[in-house]
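Residue-level structure breakdown
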Amino acid sequence: MNGNYFDMWGVRVASAAVKSAYKDQLIQYLDEYYMYGINALTVFYLGSSGGIVDPFLPNGTGFADAGVRDNMREIISACDSRGMAVIVGIFYQHQAPGAGLENWNASVEAVKTVARELRDFGHQNVIVNIANEQNSDYYETLPWGHVRDPNVIIELCNVFKNESGGLLCGGGGYHDDNNMVIGQSDSIDALLFDTQGREDEWHTMHFYALYRHYGINKPMVNVEVFAGWTERFTPPGGNFDAASGRWRYLTEAESVANVTGMCLFFHANPWFQGVHKGLKTDQPTRFDIGGAGTAQDPGWLWYLQNLTEIRRKQ
């Protein structure tokens, strides 16, 4: 970060910029995150299943919702002051009702808008992720649906970098062939992929080894460990008893701890997005740490406590 090697351990808080209340809650807990070894976040301008917005003008040339823009600014600034990085996402695979970029050209303009915004804001602790899970079929009917083509991700990274003055940019998803196209491009600074977690072989280091084998020698980030599979850790949100949940997360963290160039982002749908089976529920979207990850004491403190020990042994 800022030109130096950065051993990144993150957490996915994708909807944190869509509401000021979310942003305020997140920033309130950043010191605790950092104390336990979390030094990076990923947040999207369009949010996630925990809250979706479209903050851009219909033609993409600016922000229609200055609140989302300003929330992202505050998150980036708060992280920078603590030595934390932010992977700033742009596109999501669903669209807010009654809003939206009007077509593909407008979507390209939105990438330029983000590039100018981050360039002029002046913080260097950012990496842009063009599209969440870029291979998702849900993009197909959206104005920005061309992002399903890995070569378009590369093109948009070039657009972003040219407009931003060279800020870092990456992309990826959970499709191996797409990820290899993206990761092998000289225009991509980091391969940002996802894992599902339903089978033991679908773990971070399996994909790290695969992509290294095919010549991808740049930094890689699992930006959403276990993805939608995490919906099982409820009720309530933050109960990780199911499917050996805690063991699976800690195995992932231990496996990447001493691997240069492979970074991991903790993710849990029911906790950070209030989501179950892909739908927003009456469970709150929350960014606090909570507790031991049981039904009686929900939360992800157990992960952070173990992460501190894992990082100490690095």
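Because the structure is predicted, anything quoted here is derived from the model rather than measured. (Residues numbered from 1 in each chain as written. Predicted model: local features only at pLDDT ≥ 70, side-chain atom pairs only at ≥ 80, totals over all residues. Heavy atoms only, no water.)

Considerations on the packing of aromatic side chains
The relation between two aromatic rings is expressed through the spacing of the ring centres and the mutual angle of the planes. Convention followed: Between rings of Phe, Tyr and Trp, where Trp is taken as its six-membered ring, a pair exists when centres lie within 6.5 Å; planes separated by under 30 degrees are stacked, by over 60 edge-to-face, and by other angles tilted. A run of DSSP states H or I qualifies as a helix once it reaches four residues; a run of E qualifies as a strand once it reaches two. Both are numbered from the N-terminal end. Using a 1.4 Å probe on the protein chains alone, a residue whose accessible area is under 20% of its type maximum counts as buried, one over 50% counts as exposed, and one in between counts as partly exposed.
For the structure shown, the criterion picks out 26 aromatic pairs. Consider the rings of Tyr45 and Phe63, whose centres lie 5.6 Å apart with planes at 45°: the pair is tilted. Of this pair, Tyr45 sits in the loop between β2 (40–44) and β3 (47–48) while Phe63 sits in the loop between β4 (51–52) and α3 (66–80); the two residues are 18 residues apart in sequence, bridging distant segments of the chain. Side by side, Tyr45 and Phe63 carry an identical accessibility label, which is buried. Relative to Phe207, the ring of Phe193 lies with its centre 6.2 Å away and its plane at 55°, an arrangement referred to as tilted.

As for the pairing of strand β6 (residues 126–131)
Spelled out, the test is: Strands pair, by our definition, only if DSSP identifies at least two bridges between them. Orient the strands so they point away from the viewer, and a crossover whose first-strand-to-second-strand path over the helix runs clockwise is right-handed.
Of all 6 residues in β6, 6 are buried, a share of seventy percent or more. Note: strand β5 (residues 85–91) against β6, 5 bridges, orientation parallel. Bridged to Val88 within β6 is Val128. On the question of chirality, the crossover connecting β5 to the parallel β6 by way of helix α4 (residues 104–121) is right-handed. In terms of handedness, the path from β6 via helix α5 (residues 150–164) over to strand β7 (residues 168–171) forms a crossover that is right-handed.

Side note on the pattern of salt bridges
Spelled out, the test is: The rule for a salt bridge is simple: a side-chain nitrogen of Lys or Arg has to be within 4 Å of a carboxyl oxygen of Asp or Glu.
Per the counting criterion, the structure on display carries 17 salt bridges. A salt bridge links Asp241 to Arg246; the shortest N-O distance between them is 2.9 Å. With a relative accessible area of 40%, Asp241 lands in the partly exposed category. A relative accessible area of 25% means that Arg246 is categorised as partly exposed. Measuring nitrogen to oxygen at the nearest pair gives 4.0 Å for the salt bridge that ties Lys313 to Glu309. On the basis of relative accessibility, which here comes to 33%, the residue Glu309 falls in the partly exposed class. Here the residues in one salt-bridge network are Arg69, Asp70, Arg73 and Glu117, joined through shared partners.

Treat this as a map of the structure, not an account of what it does.
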